[in-house]
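Take a look at the letters that make up each chain.
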Amino acid sequence: MSDEEAAPPPVYQVLVHGAVWEDFKEWLGRRGIELTPPVRFSPDDMPTYCMTPKTMRPEGP
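Residues numbered from 1 in each chain as written. Predicted model: local features only at pLDDT ≥ 70, side-chain atom pairs only at ≥ 80, totals over all residues. Heavy atoms only, no water.

What follows covers the overall build of the protein. Of the regular secondary structure elements, the protein holds one helix and two strands. When the elements of the protein are put in sequence order from the N terminus, they spell out α-β-β. In the protein, buried positions account for 3% of the 61 residues. For the protein, the share of sequence-separated contacts (at least 6 apart) that also reach a separation of at least 24 residues comes to 8%. Approximately 5,900 Å² of the protein is accessible, and the part contributed by carbon and sulfur atoms is 58%. (Helix = DSSP H or I, 4+ residues; strand = E, 2+ residues; numbered from the N terminus. Buried < 20%, exposed > 50% of the residue type's maximum accessible area, 1.4 Å probe, protein only. Contact = heavy atoms within 4.5 Å. Areas by Shrake-Rupley, 256 points an atom, 1.4 Å probe, with all protein chains shown as cover.)

Two side chains that carry opposite charge are able to pair once their charged atoms sit near each other. Inspection of every chain in the model, using the stated rule, returns one salt bridge. Its salt-bridge partner being Glu22, residue Lys25 comes within 3.4 Å of it at the nearest N-O pair. Residue Lys25 and its partner Glu22 are located together in helix 1 (residues 21–30), separated by three residues, close to a single helical turn. Exposure remark for Glu22: the relative accessible area of 46% places this residue in the partly exposed category. (Salt bridge = Lys/Arg side-chain N within 4 Å of Asp/Glu carboxyl O.)

Right, let's get into the packing of aromatic side chains. Inspection of every chain in the model, using the stated rule, returns three aromatic pairs. Through successive ring pairs, a cluster of aromatic residues spans Trp21, Phe24, Trp27 and Tyr49. (Phe/Tyr/Trp six-rings, centres within 6.5 Å; stacked < 30°, edge-to-face > 60°.)

Structurally, the position occupied by Val39 is in the loop between strand 1 (33–35) and strand 2 (51–53). According to the relative accessible area criterion, Val39 is partly exposed, its value standing at 38%. In the structure, Val39 is positioned 10 residues away from Tyr49 in sequence and 6.5 Å away in space, judged by C-alpha atoms. Ignoring sequence-local partners within four residues, the contact set of Val39 consists of Met46, Pro47 and Thr48.

Before going further, it helps to examine the confidence of the model for the protein. In this model, the protein carries a mean pLDDT of 82, and residues with pLDDT of at least 70 account for 82%. Looking over the protein, one finds the lowest element-wise mean pLDDT in strand 2, namely 82, and the highest in helix 1, namely 92. (pLDDT = per-residue confidence, 0-100.)

Written as structure tokens, this is what we have:
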């Protein structure tokens, strides 16, 4: 398989209970992982966040 045909990295889904949400966000932050602002794809959906390593952020002003 060539580089152009390489499979994309896997995507995982995590469901976090509200009772541990704040601790979970802090735990991620200590490991250099940021969360995007929440997105709702429809009014009935739970909020969806994406996790990104801080080192992958584009450098800005």
